[in-house]
Amino acid sequence: YAYVAAEMRDTGHFWVPHRNGEVYAHKPPLMFWLIQAGSVLTGGQIGGVATRLPSLLGGTLILWATARLARLWYGPDTEWRVILLLSTTFIFWCQVGTGQIDALLGGLEMTALYLLFSADAGESRPTLRRAGAWLSMGLAILAKGPVGLLVPCGAYLAACLAAGEFRRCRSLHWLWGLPLALAVPGAWLLAITLTGAPEGYFHQLLFDQTVARAAGELGHLQPFYYFAAYFGVDFLPWIFFFPACLLVLFRSTETRPANRRLLAWMLFVLIFFSLSPSKRNLYVFLAYPAAALLVAAIAPSLARLHRAWVLIPAHLLMSLLALMALALGGAWLVPRLPVPSPLFLPLAAALAAG
């Protein structure tokens, strides 16, 4: 991505991404535009820092939108708890720290979901919020294609149906919102057409990288149950408490509509991407804010359960922290580390204290 962004800037191919002199139709241009914008902060250099800035932006948007939803549905205590939980999950650290598109995509999708749900809850300027949500989805399409629209729309509809809010599915904002979202990538495609689209570019972009990818023709072939295996790993360390939270949820005589929204949202994302033969663990990034919100909201109610439901996850968490502390404390034994090994000692001490 750094090479593509640098070549777009240096050769003047602003609308169509290029790599090594050839058209690069694998991804839309938003990530590359933001890398170029980020290079302003790095003195014009497109390297490891500028390439990661869009992911940092996306991660910040994810935390902001998730925290706002937590306050809207559960209150300020859950707001701060979900920031702690989500920001310390394994997948969050992996994706926000790399120069991949998925954190940026997740940030735009989460922003759209927050704006839609807050408008439904009667927050100020609902029409403006809904317009912002659809524009965020339009930008998400510019980040990674049609999933930027399909996934948040599907998660929103599934959440509304699970909460019994059927009228949300018939709201008038769908009539003008979908065209508004599609106008964002439409403006980009029009600009390409007016400036002279390279031969075969639209076919590669709209067919090879969407239909063919969804059909599994470009690799990443995995079985249907793939995400069942990866979800637990990527939601570490809080996956230890997830079964107990689900038990509280299903035992509750009065399940809050917000809990049903989160469960339906999470299940939709997992099932949607399970249907495609092409799978990667980062495709379901949007499921983890919902999972973190569910754990953060239900955690205070775990005291209702038998102590074993809390003690076993707590001991598993302590064991994981202890193993990580030992690994970092023994890092000085590894030859040729990219950073001085004494830097790991304070982290090892913090993990041991945890």
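The structure displayed is predicted, hence computed values, not measured ones.

A. Quick peek at unusual backbone geometry. Here Leu236 and Pro237 are connected by a cis peptide whose omega angle stands at 0°. Looking at the secondary structure, you find Pro237 in the loop between helix H11 (226-234) and helix H12 (242-251). Residues other than glycine seldom take positive phi values, yet Arg125 does so here, at roughly 55°. Mapped onto the elements of the fold, Arg125 is located in the loop between helix H6 (102-120) and helix H7 (126-144). Overall, the relative accessible area of 63% leaves Arg125 in the exposed class. Phi at Arg336 takes a positive value of approximately 55°, unusual for a residue other than glycine. Residue position: Arg336 is located in the loop between helix H15 (308-329) and helix H16 (344-353).

B. Here's a closer look at the packing of helix H3 (residues 48-73) against H6. At a closest axis distance of 7 Å, the pairing of H3 and H6 adopts a crossing angle of 25°. With respect to H6, the element H3 is oriented roughly parallel. Classified by chirality, the crossing of H6 by H3 is left-handed. When grouped by side-chain class, the residues that make up the contact of H3 with H6 number 14 nonpolar, 8 polar and 1 charged.

C. Spatial organisation of the nonpolar core. Judged by nonpolar contacts, the single largest core of 76 residues is most densely connected at Phe117, Phe235, Phe242, Trp265, Met266 and Val269. For this core, the leading source of residues is helix H14 (residues 287-298), giving 11 residues. Ignoring anything within four residues of it in the chain, the contact list for Phe242 reads Phe231, Phe235, Met266, Ala291, Leu294 and Val295. Met31, Trp33, Leu104 and Val184 belong to the second-largest nonpolar core, a separate cluster that totals 25 residues.

D. Geometry of the environment of Cys153. Along the chain, the position of Cys153 falls in helix H8 (residues 147-162). For Cys153, a relative accessible area of 9% gives the class buried. Along the backbone, Cys153 and Leu113 are 40 residues apart, and their C-alpha atoms lie at a distance of 8.3 Å. Apart from the residues within four sequence positions on either side, Cys153 is in contact with Trp134, Met137 and Trp174.

E. Just the packing of aromatic side chains, in detail. Taken as a whole and assessed by the stated rule, the structure comprises 22 aromatic pairs. With 4.9 Å between their ring centres and 70° between their planes, Trp73 and Phe117 make a pair best called edge-to-face. Note that Trp73 is positioned in helix H3 and Phe117 in helix H6, a separation of 44 residues in sequence. Cluster of aromatic residues (ring-pair linked, three or more members): Trp73, Phe117, Trp134, Tyr156, Trp174 and Trp265.

F. Structural detail: the pattern of salt bridges. Counted according to the given criterion, the structure contains 6 salt bridges. Between Arg9 and Asp10 there is a salt bridge; the shortest N-O distance is 3.2 Å. Overall, the relative accessible area of 36% leaves Arg9 in the partly exposed class. On the accessibility criterion, Asp10 (56% relative accessible area) is exposed. Ionic pairing is found between Glu165 and Arg261, a salt bridge with its closest N-O pair at 2.6 Å. In this pair, Glu165 is assigned in the loop between H8 and helix H9 (173-195) and Arg261 in helix H13 (residues 257-274), connecting sequence segments 96 residues apart. Where salt bridges share partners, they join Asp120, Arg130 and Arg168 into one cluster.

Conventions adopted
Residues numbered from 1 in each chain as written. Predicted model: local features only at pLDDT ≥ 70, side-chain atom pairs only at ≥ 80, totals over all residues. Heavy atoms only, no water. Helix = DSSP H or I, 4+ residues; strand = E, 2+ residues; numbered from the N terminus. Buried < 20%, exposed > 50% of the residue type's maximum accessible area, 1.4 Å probe, protein only. Axes fitted to C-alpha atoms, helices over the stretch in contact; angles between N-to-C directions. Parallel < 35°, antiparallel > 145°, perpendicular 65-115°, else oblique. Left-handed = near helix turned anticlockwise from the far one by under 90°. Nonpolar A, V, L, I, M, F, W, Y, C, P; charged D, E, K, R; others polar. Core = buried A, V, L, I, M, F, W, Y, C linked by side-chain atoms within 4.5 Å. Contact = heavy atoms within 4.5 Å. Phe/Tyr/Trp six-rings, centres within 6.5 Å; stacked < 30°, edge-to-face > 60°. Salt bridge = Lys/Arg side-chain N within 4 Å of Asp/Glu carboxyl O.

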